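Inside the fold
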Amino acid sequence: GWRAARAAPEPQPDADPAPLRNIMHAVKNHGAAWPFLKPVDKAEVPDYYDHIKYPMDLRSMGERLKARYYVSRRLFIADMTRIFTNCRLYNSPDTDYYRCANTLEKYFQAKMKEAGLWD
Ligand SMILES: COc1cccc2onc(N)c12
């Protein structure tokens with residue numbers, strides 16, 4: 001009947017932005033987040049963008065969050081993970097940058113699991 005055809009739309013999973021906002025805040029305030037707070041400065045690191053084709057950083061993620069780009073956890077996880085993979089690609093394992101990426105990634109994943117947003 002007509003009612004079935006016009007049933008309420010299925011709730012979009014992960015539609016509530018609050019958990020992602022809380023995790024973004026926690027990650028940004030972690031002691032290991034300092035290399036990732038803004039885009040890598042080409043003036044400071046002239047060859048960075050020769051190596052890294054899909055840059056990402058926490059300021060850019062915050063802008064995407066505000067713009068409601070993260071309509072699912074997968075989009076959020078993809079951008080956050082790219083921050084860490086880019087860092088481990090450009091920097092050698094014995095650098096503070098590389099160590100910060102590993103530390104912050106573990107923290108990020110723990111926060112996502114805590115929120116029930118990690119598969
Ligand atoms: C200030 O951050 C950097 C400075 C220089 C090289 C870098 O690789 N990945 C970074 N986050 C980075």
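So, here's what we can say about the structure. Just so you know, these numbers come straight off a predicted model, no measurement behind them.

Turning our eyes to something else, we now look at the overall build of the protein chain. Scanning the protein chain from N- to C-terminus turns up 6 helices and 0 strands. Start at the N end of the protein chain and walk to the C end: the helices and strands fall as α-α-α-α-α-α. At 17 Å, the protein chain has a C-alpha radius of gyration far larger than the 14 Å of a compact globule built from 119 residues. Oriented by its inertia axes, the alpha-carbon framework of the protein chain measures out at about 65 × 30 × 20 Å. In the protein chain, which comprises 119 residues, the proportion classed as buried is 32%. When the accessible area of the protein chain is evaluated, it comes to approximately 8,000 Å², of which 54% is carbon and sulfur surface.

Moving on, we come to the environment of Arg6. Here Arg6 shows up in the loop between α1 (2–5) and α2 (18–28). Given a relative accessible area of 65%, Arg6 falls into the exposed group. Linking Arg6 and Thr85, residues 79 residues apart in sequence, is a C-alpha distance of 44 Å.

All residues in the neighbourhood of the ligand are listed as Pro35, Phe36, Val40, Val45, Tyr48, Tyr90, Asn91 and Tyr97. At 3.0 Å, a backbone N or O of Pro35 approaches a nitrogen atom of the ligand. Notes on the ligand: free accessible area 300 Å², of which the protein chains cover 84%. When its residues are assigned to classes, the shell around the ligand shows 7 nonpolar, 1 polar and no charged.

Attention shifts here to the environment of Gly31. Position of Gly31 among the secondary structure elements: in the loop between α2 and α3 (48–51). Residue classification places Gly31 among the exposed positions, given a relative accessible area of 62%. The spacing of Gly31 and Leu104 is 73 residues in sequence and 8.5 Å in space, taken between C-alpha atoms.

Contact pair helix α5 (residues 73–90) / helix α6 (residues 96–114): the axes reach a minimum separation of 8 Å and the direction vectors enclose 160°. In terms of orientation, α5 lies roughly antiparallel with respect to α6. The interaxial crossing formed by α5 with α6 has left-handed handedness. Note on element contacts: α6 touches α5 through Tyr97, Tyr98, Ala101, Asn102, Leu104, Glu105, Phe108 and Met112, opposite Phe76, Ile77, Met80, Thr81, Phe84, Cys87 and Arg88.

Once that is clear, we can look at the packing of helix α4 (residues 58–66) against α5. Running from N to C, α4 and α5 point in directions that differ by 170°, and their axes come no closer than 10 Å. Relative to α5, the element α4 lies roughly antiparallel. Contact residues: α4 offers Leu58, Met61 and Arg64, while α5 offers Phe76, Asp79, Met80 and Ile83. For the contact of α4 with α5, the residue count by class is 5 nonpolar, no polar and 2 charged.

Taken as a class, soluble globular proteins show a tendency for nonpolar side chains to be buried jointly. Formed by 24 residues in total, the largest nonpolar core has its most connected members in Phe36, Leu58, Met61, Phe76, Met80, Ile83 and Phe108. For this core, the secondary structure elements donating two or more residues are α2, α4, α5 and α6. Per element, the largest residue contribution to this core is 6 residues, and it comes from α5.

Criteria and cut-off values
Residues numbered from 1 in each chain as written. Predicted model: local features only at pLDDT ≥ 70, side-chain atom pairs only at ≥ 80, totals over all residues. Heavy atoms only, no water. Helix = DSSP H or I, 4+ residues; strand = E, 2+ residues; numbered from the N terminus. Rg over C-alpha atoms; globule rule 2.2 N^0.38 Å. Buried < 20%, exposed > 50% of the residue type's maximum accessible area, 1.4 Å probe, protein only. Areas by Shrake-Rupley, 256 points an atom, 1.4 Å probe, with all protein chains shown as cover. Near = heavy atom within 4 Å. Polar contact = N/O pair within 3.5 Å; in protein donor to acceptor, adjacent residues only side chain to side chain. Nonpolar A, V, L, I, M, F, W, Y, C, P; charged D, E, K, R; others polar. Axes fitted to C-alpha atoms, helices over the stretch in contact; angles between N-to-C directions. Parallel < 35°, antiparallel > 145°, perpendicular 65-115°, else oblique. Left-handed = near helix turned anticlockwise from the far one by under 90°. Contact = heavy atoms within 4.5 Å. Core = buried A, V, L, I, M, F, W, Y, C linked by side-chain atoms within 4.5 Å.

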